[in-house]
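# Survey of secondary and tertiary structure
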Amino acid sequence: MQVKIEKLDHYGRGITKIENKICFVENALPQELVEIKIIKETKKYFLATTIKIIKESKDRIKPICPYYNTCGGCNIDHISFEKENEYKEIKITEILEKFAKIPNNKIKNIIYDNPYNYRNKIILHQNNKKIGLYKKGTHDIIEIESCYLLNNNLNNELKNIKQVNDNGIVLRIGNKTKEILNSSANKHKIISYIGNKKYQVSEKSFFQINSVITEKLYNEIKEIINTSKSENVLDLYCGTGTIGIYISDIVNKVLGIESCKEAIEDANYNKKLNNTKNCTYKLGKVENLTKEITKEYDTAIIDPPRSGLDKRVVEKLLEIKPKTLIYVSCDPVTLARDLNLLQQKYDIEYIRPYNMFPRTYHVESVCLLNLR
Ligand SMILES: C[S@@+](CC[C@H](N)C(=O)[O-])C[C@H]1O[C@@H](n2cnc3c(N)ncnc32)[C@H](O)[C@@H]1O
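Rules and cut-offs
- Residues numbered from 1 in each chain as written.
- Predicted model: local features only at pLDDT ≥ 70, side-chain atom pairs only at ≥ 80, totals over all residues.
- Heavy atoms only, no water.
- Axes fitted to C-alpha atoms, helices over the stretch in contact; angles between N-to-C directions.
- Helix = DSSP H or I, 4+ residues; strand = E, 2+ residues; numbered from the N terminus.
- Left-handed = near helix turned anticlockwise from the far one by under 90°.
- Contact = heavy atoms within 4.5 Å.
- Near = heavy atom within 4 Å.
- Polar contact = N/O pair within 3.5 Å; in protein donor to acceptor, adjacent residues only side chain to side chain.
- Nonpolar A, V, L, I, M, F, W, Y, C, P; charged D, E, K, R; others polar.
- Pairing = 2+ DSSP bridges.
- Core = buried A, V, L, I, M, F, W, Y, C linked by side-chain atoms within 4.5 Å.
- Buried < 20%, exposed > 50% of the residue type's maximum accessible area, 1.4 Å probe, protein only.
- Domains from an automatic or database assignment.
- Buried area = accessible area lost by both parts, 1.4 Å probe.
- Salt bridge = Lys/Arg side-chain N within 4 Å of Asp/Glu carboxyl O.

## Observations concerning the packing of helix α2 (residues 81-100) against helix α8 (residues 332-342)
α8 packs onto α2 with a crossing angle of 35° between their chain directions and a minimal axis gap of 9 Å. Between α2 and α8 lies a crossing of right-handed hand. Seen from α2, the contacting residues are K91, I92, I95, L96, F99 and A100; seen from α8, they are P332, V333, L335, A336, L339 and N340.

Put into structure tokens, the structure is as follows:
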């Protein structure tokens, strides 16, 4: 059947209506007339794929990746990069408006950089002697020669991978040093730079995968800390200590809390590496260490995983009331949920999207909240 696509959903799929029921159409863009095939029907929606594009959008481009429709790593490689950035601004605006009643004038322009070769990390898997990435939604392997999202030095390294253990293999590159971490070859120490700070990142620790955008994001956080004259800062979900160390020169002290043991070991190593004297780290879940969140902290930087904040953490923040909250989020839906609660005592100054993950539907953002 033929349908006209109205808009994109939050996963980069086209949306139309069939018999008054919503239909999500893969590989279709707003204003396009497409021929579709229904692949699933539930009580609430249809799911369809595009068979033929009858009238093409001016925003459509030819995907550059030969694995695009099988791999699943990218979702919007058929949209121009300009339109992608606009889509991500709209996505954040709509989600925050819908779930947290935040007006659209609070959303600032998106920050972006190069759409390709930005990833400093890849995980490869092996199945039946094939080494590569998982095919979309399966554990079947798609063998790849290179990945357009990946740093080119890592693309060169792919050729040398001949075997992968059961858990897969992690390759990571240090952005300035070009050192490569290869989890199967016992090459485990690499150093990455953000601005003039150095960070050791080991295999199991979190580290932002787009170093260029990360530096821009951290500079914005530093600017906020500077303007709000923050002194004692909580770095919640601190990973390898990256943000706290980045701003440590302009504050009195930082307390980082993180649940991954290797990341805390890295954080303690990183503070020495940068000759930082005013950062302390605690291992544990933030929700179990709320006693550490005390009134002496005037600022909290909060950078949780996609699941967002545990209620106990929100309650504690509302109780001790730091004057400034800087919430870094990789999921606007959980951000909206948490802002809904934090708005009891905080005003949202602004939210700025960052295109940390080009060619995918994911979007990072930073939100500044001031105590009312
Ligand atoms: C999005 S990352 C941010 C890391 C760091 N701020 C950075 O920018 O590199 C989220 C971090 O939270 C940690 N984490 C996940 N759940 C946690 C919890 N309940 N309590 C403390 N840390 C947690 C993860 O291990 C990860 O390092």
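## Some points on the site of the ligand
Around the ligand there are 17 residues in total, and Y218, Y237, E258, V286 and D303 lie nearest to it. Contact distances for the ligand include 2.6 Å between an oxygen atom and a side-chain N or O atom of E258. Between the ligand and S259, the relevant distance is 3.2 Å, taken from a nitrogen atom to a main-chain nitrogen or oxygen of the residue. In terms of residue class, the shell around the ligand is made up of 9 nonpolar, 4 polar and 4 charged.

## Digging into the sheet that holds strand β14 (residues 232-236)
Within a sheet, each strand pairs with its neighbour through backbone hydrogen bonds, oriented either parallel or antiparallel. Read from one edge to the other, the open sheet built from 7 strands follows the order β16-β15-β14-β17-β18-β20-β19, with strand pairing classed as mixed. Looking at which strands have only one partner, the edges of the open sheet turn out to be β16 (279-283) and β19 (346-354). Within this sheet the neighbouring strands show an average axis-to-axis angle of 15°, counted without direction. Pairing between β14 and strand β17 (residues 299-302): 4 bridges, direction parallel. Counted as the bridge partner of L236 is I302 from β17. Of the strands in this sheet, β18 (324-329), β19 and β20 (364-371) are in contact with α8, which crosses β18 at around 160°.

## Focus on the nonpolar core
Counting residues in each nonpolar core, the largest one holds 56 residues, and the members touching the most others are L124 and I221. Ranked by residue count, the leading element in this core is helix α4 (residues 211-227), at 6 residues. Each of domain 2 (82-115 + 209-371) and domain 3 (121-201) contributes no fewer than three residues to this core. Excluding its chain neighbours within four sequence positions, the residues that come into contact with L124 are I131, G132, L133, L158, I161, V164, G168, I169 and L171. Judged by nonpolar contacts, the second largest core, of 36 residues, contains L234, V286, V313 and L317.

## Let's talk about the domain arrangement of the chain
Accessible area lost upon the coming together of the parts is a frequently used measure of interface size. Partitioning the chain into domains gives domain 1 (2-60), domain 2 (82-115 + 209-371) and domain 3 (121-201). Distance between the C-alpha centres of domain 2 and domain 3: 27 Å. Both faces considered, domain 2 and domain 3 share a buried interface measuring about 1,400 Å² in area, 58% of it formed by carbon and sulfur atoms. Broken down residue by residue, the surface that domain 2 buries against domain 3 is led by Y246, L273 and N274, which jointly contribute 29%. Viewed at the interface, domain 3 and domain 2 are joined by 1 salt bridge.

## Section: the sheet that holds strand β3 (residues 14-18)
Across the sheet, 6 strands lie side by side as β1-β5-β6-β4-β3-β2; this open sheet has mixed pairing. With one partner strand each, in any of the chains shown, β1 (2-4) and β2 (7-8) form the two edges of the open sheet. Pairing geometry for β3 and strand β4 (residues 21-26), over 5 bridges, is antiparallel. Looking across to β4, one finds that I18 is bridged to K21.

## Things to note about the pairing of strand β10 (residues 169-173)
Within β10, 5 of the 5 residues are buried, leaving the element largely enclosed by the surrounding structure. Burial along β10 is two-sided: I169, L171 and I173 facing one way and V170 and R172 facing the other are all buried. Sheet topology note: the strand β7 (residues 121-127)/β10 ladder contains 4 bridges and is antiparallel. Residue pairing for β10: L124 is matched across the bridge by I169. Direction of pairing for β10 relative to strand β11 (residues 180-182): antiparallel, over a ladder of 3 bridges. Counted as the bridge partner of L171 is N182 from β11.

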